[in-house]
Amino acid sequence: MFESLERNFSLIIAFILPGFLFLFGSVFLVTYSTADLASQLRPIRQIGGFMFFLLAATACGMILSAIRWAILDTLHYFTGLKSPALDFGKLEGKYSSFMLIVENNYRYYLFYGNSLIALLGLFMIAWLEEV
């Protein structure tokens, strides 16, 4: 049970939170006053609106992750940071330990990378609003 809870929590951290950050930030940037912002966020108070916003944040987080992979991970490669040569044949009997490392480290890297891409996207939206 706790493994499932840890896995779901790490997926929320990696994908939903950056997607929520981007969606909420873009709604905040596009609306021009607090009255407009309140009217835009009013449907989220209902369960259907909340579920729609949660699914939209998940989809947005997945898109941010693809952009992160294309930009940030490629940048890591060109700076000389090499991915380790892993021999997955040695994982037999150690799979749970490997997954623990993935859940406790890699998901946070995904959060930081996806949040960076979300913030860069919000800065681009704000810059385009100025122009």
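### Some remarks on the environment of I13
No. 1: Here I13 is to be found in helix α1 (residues 2-30).
No. 2: Put simply, I13 and L110 are 97 residues apart on the chain and 8.3 Å apart in space, counted from C-alpha to C-alpha.
No. 3: Leave out the neighbours within four places in its chain, and I13 touches P18, R107, Y108 and F111.

### Structural notes on the side chain of N114
No. 1: Mapped onto the secondary structure, N114 falls in helix α4 (residues 95-130).
No. 2: A polar side-chain atom of N114 sits 2.9 Å from the main-chain carbonyl oxygen of A14.
No. 3: What N114 contacts, discounting residues up to four positions off in sequence, is A14, F15, P18, G61, L64, S65 and R68.

### A look at helix α3 (residues 47-78)
No. 1: Its 32 residues give α3 an end-to-end C-alpha distance of 45 Å, which sits within 8% of 46 Å, the value for a rise of 1.5 Å per residue.
No. 2: At R68, α3 is deflected by roughly 35 degrees, the largest bend along its length.
No. 3: Listed as buried for α3 are G49, F53, A57, C60, G61, L64, S65, R68 and L72.

### Quick notes on α4
No. 1: The end-to-end C-alpha distance of α4 is 51 Å, a good match for the 52 Å that 36 residues give at a rise of 1.5 Å each.
No. 2: Considering bend angle alone, the principal kink of α4 is centred on E103 and spans about 30 degrees.
No. 3: When α4 is considered as a whole, its buried residues turn out to be V102, E103, R107, L110, G113, N114, S115, I117, A118, G121 and L122.

### Some details on a nonpolar patch on the surface
No. 1: Judged by side-chain polarity, L21, L116, L119, L120 and F123 come together as a nonpolar surface patch covering roughly 450 Å² of accessible area.
No. 2: At four residues, the largest contribution of residues to the nonpolar patch is made by α4.
No. 3: Take F123: it is sitting in helix α4.
No. 4: For F123, a relative accessible area of 59% corresponds to the exposed category.

### Details of the pattern of salt bridges
No. 1: Within this structure, the stated rule accounts for one salt bridge.
No. 2: Residue R68 pairs with D73 through a salt bridge whose shortest N-O separation is 2.7 Å.
No. 3: You can call D73 partly exposed: its relative accessible area is 21%.

### Some remarks on the packing of α3 against α4
Working note: a packed helix pair is described by the angle between its axes plus the distance between those axes.
No. 1: Between α3 and α4, whose axes approach to 8 Å, the crossing angle comes to 95 degrees. The orientation of α3 relative to α4 falls into the category roughly perpendicular. Mapping the contact onto sequence places G61, L64, S65, I67, R68, L72, D73 and H76 in α3 and Y106, Y109, L110, G113, N114, L116, I117 and A118 in α4.
No. 2: Partitioning the contact of α3 with α4 into residue classes produces nine nonpolar, five polar and two charged.

About the cut-offs
Residues numbered from 1 in each chain as written. Predicted model: local features only at pLDDT ≥ 70, side-chain atom pairs only at ≥ 80, totals over all residues. Heavy atoms only, no water. Helix = DSSP H or I, 4+ residues; strand = E, 2+ residues; numbered from the N terminus. Contact = heavy atoms within 4.5 Å. Polar contact = N/O pair within 3.5 Å; in protein donor to acceptor, adjacent residues only side chain to side chain. Expected span 1.5 Å × (residues − 1). Bend = angle between axes of the 7 residues up to and from the residue. Buried < 20%, exposed > 50% of the residue type's maximum accessible area, 1.4 Å probe, protein only. Patch = residues over 30% accessible without salt bridge, like charges linked within 9 Å, V, L, I, M, F, W, Y side chains within 5 Å. Areas by Shrake-Rupley, 256 points an atom, 1.4 Å probe, with all protein chains shown as cover. Salt bridge = Lys/Arg side-chain N within 4 Å of Asp/Glu carboxyl O. Axes fitted to C-alpha atoms, helices over the stretch in contact; angles between N-to-C directions. Parallel < 35°, antiparallel > 145°, perpendicular 65-115°, else oblique. Nonpolar A, V, L, I, M, F, W, Y, C, P; charged D, E, K, R; others polar.

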